[in-house]
Amino acid sequence: MTGYRTPARLFHWVVALLVLATIPVGQIMIQEDLSRSVQNSLFIFHKNVGVLILLIVLARLAYRQIVPPPPLPSAVPDWQRRFAWVNHAALYALLVFMAVTGYVRVRAGGFPIEALDAMGVPALVPRSEPLEDWAKAAHWWGRLVLVAVIALHVLAAIWHGVVRRDGVFSRIWPPVAR
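Structure report, in brief.

Before going further, it helps to spend a moment on the overall build of the protein. Counting secondary structure elements, the protein contains 5 helices and 0 strands. Put simply, the protein runs from its N terminus to its C terminus through helices and strands in the order α-α-α-α-α. Overall size of the protein, expressed as C-alpha extent along the three principal axes, is 50 × 35 × 25 Å. For the protein, long-range pairs separated by at least 24 residues make up 71% of all intrachain contacts whose partners lie at least 6 apart in sequence. Carbon and sulfur atoms form 71% of the exposed surface of the protein, whose accessible area is close to 10,800 Å². When the 17 positive and 9 negative side-chain charges of the protein are each reduced to one mean point, those points stand 15 Å apart.

Moving on: the packing of helix H1 (residues 6–28) against helix H2 (residues 36–66). Two elements in contact, H1 and H2, have axes whose closest approach is 9 Å; the angle formed by their N-to-C orientations is 155°. As judged from the angle between their axes, H1 and H2 are roughly antiparallel. Considering how the two elements wind past one another, H1 and H2 form a crossing that is left-handed. Among the residues forming the contact of H1 with H2, the class breakdown is 19 nonpolar, 4 polar and 1 charged.

All right, on to a nonpolar patch on the surface then. A surface patch of nonpolar side chains, about 890 Å² in accessible area, is lined by Trp-79, Phe-83, Leu-152, Val-154, Leu-155, Ile-158, Trp-159, Val-162 and Val-163. Elements represented by at least two residues in the nonpolar patch include exactly helix H3 (78–108) and helix H5 (129–164). Top contributing element to the nonpolar patch by residue count: H5, with 7 residues. Checked against the element boundaries, Phe-83 lands in helix H3. A relative accessible area of 40% means that Phe-83 is categorised as partly exposed.

In this fold, Ile-30 is placed in the loop between H1 and H2. Its relative accessible area of 46% is what places Ile-30 among the partly exposed residues. For Ile-30 and Leu-42, which are 12 residues apart along the polypeptide, the C-alpha to C-alpha distance reads 9.1 Å. Ile-30 has contacts with Gln-39 and Phe-43, leaving out every residue within four places of it along the chain.

Conventions adopted
- Residues numbered from 1 in each chain as written.
- Predicted model: local features only at pLDDT ≥ 70, side-chain atom pairs only at ≥ 80, totals over all residues.
- Heavy atoms only, no water.
- Helix = DSSP H or I, 4+ residues; strand = E, 2+ residues; numbered from the N terminus.
- Contact = heavy atoms within 4.5 Å.
- Areas by Shrake-Rupley, 256 points an atom, 1.4 Å probe, with all protein chains shown as cover.
- Lys, Arg positive; Asp, Glu negative; His and termini not counted.
- Charge placed at Lys NZ, Arg CZ, Asp CG, Glu CD.
- Axes fitted to C-alpha atoms, helices over the stretch in contact; angles between N-to-C directions.
- Parallel < 35°, antiparallel > 145°, perpendicular 65-115°, else oblique.
- Left-handed = near helix turned anticlockwise from the far one by under 90°.
- Nonpolar A, V, L, I, M, F, W, Y, C, P; charged D, E, K, R; others polar.
- Patch = residues over 30% accessible without salt bridge, like charges linked within 9 Å, V, L, I, M, F, W, Y side chains within 5 Å.
- Salt bridge = Lys/Arg side-chain N within 4 Å of Asp/Glu carboxyl O.
- Buried < 20%, exposed > 50% of the residue type's maximum accessible area, 1.4 Å probe, protein only.

Structure follows, in structure tokens:
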């Protein structure tokens, strides 16, 4: 098989769309000139989509253990293979990190996560202002690193899909395998 199977492709593109939605929402929701109702709606969206992203990422990591990714085309140099591995590992780690720091920031601040509350999931961290402050800062800095890693990922995809046309991008596109 030269490309990812449909489940892996769908995991990838659904997470990509959700992450690309939550990043600007996360930036907009902290603006001071928003009405409280708009701000609340954005916070609810951001928190609950963060939970969804975490669940999909964990499912995708489990799927990867059962169905390993297809090998890169043989023409891809070793340094690009290593870079791709590091980039993918960083993406997974950062997506989990962002979900965990977001969760800790919200719960330590005493705020709800509506999707988890509806399922009866209790808070796993105590209410703590120092913990909330740490998680808030970690989430903020993590966002910057995540955006940089995503940018490198997208640039590599464009390089392989548009410039090189070497079969790397077609491993994951289109979202449904042919």
